[in-house]
Amino acid sequence: MPRKVKLYTVLGDYVAIEVEAGASIELLRKIQKVLNKGGEDVEDSIRMIQHFDVFYSLMCKKFKDFLTPKKNISELLRGNVLVDKIKLAKRDDERVVVIVFDKSLSKDLIERALTELGYEVIL
């Protein structure tokens, strides 16, 4: 049974996916490999997801909706950034991660990459 990923656009036409925290690290690595993009931003996002509880409590304390991973300036200039920001959420007993991709990535490109990886995309 393929894993399900919710795909949508957020304010400013950024493409976002919603996935359970356990699968999000593997998904980020696979998308990074398929699209050949991402560097420090992906590594920092993965670090935040691995330490979910710490960063979730930080978000709550500072009343933030999203966390912005570190981005290397040279990667920004070359257009090699994959993740713009992430949101950590808890719904019932489930940990959920919302990954907002860089504006340079279109919805069709992300959808194609997800289906190639065997994910069921829910629009």
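For clarity, every value in this text was computed on a predicted model and none was experimentally measured.

Calculation notes
Residues numbered from 1 in each chain as written. Predicted model: local features only at pLDDT ≥ 70, side-chain atom pairs only at ≥ 80, totals over all residues. Heavy atoms only, no water. Helix = DSSP H or I, 4+ residues; strand = E, 2+ residues; numbered from the N terminus. Rg over C-alpha atoms; globule rule 2.2 N^0.38 Å. Buried < 20%, exposed > 50% of the residue type's maximum accessible area, 1.4 Å probe, protein only. Contact = heavy atoms within 4.5 Å. Areas by Shrake-Rupley, 256 points an atom, 1.4 Å probe, with all protein chains shown as cover. Lys, Arg positive; Asp, Glu negative; His and termini not counted. Charge placed at Lys NZ, Arg CZ, Asp CG, Glu CD. 1 Å grid on protein atoms, 1.4 Å probe; cavity = no way out; pocket = protein on both sides within 12 Å on 5 of 7 lines; lining within 4 Å. Points joined across faces, edges and corners; volume = space filled by probe spheres on them. Nonpolar A, V, L, I, M, F, W, Y, C, P; charged D, E, K, R; others polar. Pairing = 2+ DSSP bridges.

Enquirer: Please clarify how the overall build of the protein should be interpreted in this entry.
Expert: When helices and strands are tallied, the protein shows five helices and five strands. Seen in sequence order, the protein has helices and strands lined up from the N terminus as β-β-α-α-α-α-β-β-α-β. Taken over C-alpha atoms, the radius of gyration comes to 14 Å for the protein, in line with the 14 Å a tight globule of 123 residues would show. The dimensions of the protein, computed from C-alpha atoms along their principal axes, are 40 × 35 × 25 Å. Within the span of the protein, comprising 123 residues, buried residues form 41% of the whole. Intrachain contacts of the protein at a sequence separation of at least 6 include 61% that bridge at least 24 residues. Accessible area for the protein stands at about 7,100 Å²; split by element, carbon and sulfur atoms hold 49% of it. Averaging the coordinates of the 22 positive side-chain charges in the protein and doing the same for the 20 negative ones gives two points 3 Å apart.

Enquirer: Explain the layout of surface pockets to me, please; I cannot follow it from the model alone.
Expert: To locate leftover empty space, one rolls a probe as large as a water molecule over the atoms. Approximately 190 Å³ is the volume found for the largest pocket. Breaking the lining of the largest pocket down by element, the ones donating at least two residues are strand S1 (4-10), strand S2 (14-20) and strand S4 (94-101). Here the residues of the lining of the largest pocket are counted per class, giving six nonpolar, no polar and seven charged.

Enquirer: Sorry if this is basic, but what is going on with unusual backbone geometry here?
Expert: Residues other than glycine predominantly adopt negative phi, and peptide bonds predominantly adopt the trans conformation. Positive phi is not limited to glycine here, since asparagine 36 has a value of about 55°. Following the sequence through the fold, asparagine 36 ends up in the loop between helix H1 (21-35) and helix H2 (40-50). On the accessibility criterion, asparagine 36 (66% relative accessible area) is exposed. At aspartate 92, a residue that is not glycine, the phi angle is positive and equals roughly 60°. Mapped onto the elements, aspartate 92 comes out in the loop between strand S3 (83-91) and S4. The class of aspartate 92 is exposed, set by a relative accessible area of 81%.

Enquirer: Please explain the pairing of S3 as it appears in this structure.
Expert: For a regular strand, side-chain orientation follows a simple rule: the groups alternate between the two sheet faces. When S3 meets S4, the two strands line up antiparallel, connected through eight bridges. Looking at the pairing, leucine 88 lines up with valine 97 of S4. Hairpin geometry of S3 and S4 is characterised by an intervening segment of two residues between the two adjacent antiparallel strands and by a positive phi of about 60° at aspartate 92.

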